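Each chain is listed here by its residues.
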Amino acid sequence: MKLVIELLYKTRQAFTAEQINEATYVDIHGNKAVFDSLRNNPKVHYDGRRFSYKSKHDLKGKDQLLVLIRKFAEGLPVVEVKDAYPTVLEDLQALKAAGEVWLLSNMDSQEDIVYPNDPKAKIKVDDDLKLLFREIGLPRDMVDVEKELQKSGIKPMTNTAKRRAAAQIDGVKPKPKAKKKQREITKRTKLTNAHLPELFENLNN
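Keep in mind that what you see is a predicted model, and the values were worked out from it rather than measured. (Residues numbered from 1 in each chain as written. Predicted model: local features only at pLDDT ≥ 70, side-chain atom pairs only at ≥ 80, totals over all residues. Heavy atoms only, no water.)

Visitor: It is not clear to me how the overall build of the protein chain should be interpreted in this structure. Could you clarify?
Guide: Summing up its helical and strand segments, the protein chain has eight helices and six strands in all. Counting helices and strands in the order they occur from the N terminus, the protein chain gives α-β-α-α-β-β-α-β-α-β-β-α-α-α. Residue burial in the protein chain is summarised as follows: out of 205 residues, 29% are buried. Counting contacts in the protein chain only where the partners sit at least 6 residues apart, residues at least 24 apart contribute 55% of the total. Counting every atom, the protein chain has about 15,400 Å² of accessible surface; 53% of that belongs to carbon and sulfur. (Helix = DSSP H or I, 4+ residues; strand = E, 2+ residues; numbered from the N terminus. Buried < 20%, exposed > 50% of the residue type's maximum accessible area, 1.4 Å probe, protein only. Contact = heavy atoms within 4.5 Å. Areas by Shrake-Rupley, 256 points an atom, 1.4 Å probe, with all protein chains shown as cover.)

Rendered as structure tokens:
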């Protein structure tokens, strides 16, 4: 089954059962269980004669990809489009470089999410405002960051306390963070927004 799915995915062509047998040595007509499993597979389209790969979103290129992303203001999981066509991941990076989309990672699920960067919302940020933003002190612990967000009526995308509790139950030790040789964070170190310059990326373009 895996061989057949890979054939359909890589070629993006429609194959008859005989052609699949020639390419993968999987006898679909001779095995009803395999035939039924393939026909009912959510990643396979069967038109009554030929089998072809079926992605969740039928996209042909970067323009259609951007149109789809703009329909999801709250973000579109990359996993839902990564198999739409062979060069979709390269096109996502190109759209990000062009300032058309934001490509971020969900810290809880480690899943990449793509957000539309609405051209109507592009504004020029004053240098004084940038400086003020970067000088704002931040809590040292992510739990405190999440609490501050909740106080402001913003729902955090992470739940550090829950994740830490689950790690303790499962006996999973947190991965030690790599130490920076050039600068060591101490109690006197002032943490600010200065480490987030990417938030202002493309705003003045």
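Visitor: In this structure, what is going on with the packing of aromatic side chains? I would like to understand it.
Guide: Aromatic ring pairs: the centre-centre distance and the angle between the two ring planes describe each pair. For the coordinates displayed, the defined rule picks out three aromatic pairs. Arranged with centres 5.6 Å apart and planes meeting at 85°, the rings of phenylalanine 35 and tyrosine 46 form a pair that is edge-to-face. Remark: tyrosine 46 occurs in strand β2 (residues 44-46) and phenylalanine 35 occurs in helix α3 (residues 32-39); sequence separation between them is 11 residues. Summarising the aromatic geometry, the rings of tyrosine 46 and phenylalanine 51 are spaced 4.4 Å apart at their centres and angled 25° between planes, so their arrangement reads as stacked. (Phe/Tyr/Trp six-rings, centres within 6.5 Å; stacked < 30°, edge-to-face > 60°.)

Visitor: Before we go on, may I ask you to explain the environment of lysine 60 in this structure?
Guide: Relative to the assigned elements, lysine 60 resides in the loop between β3 (50-53) and α4 (62-69). Its relative accessible area of 63% is what places lysine 60 among the exposed residues. C-alpha of lysine 60 to C-alpha of proline 86: the two residues are 26 residues apart in sequence and 9.5 Å apart in space.

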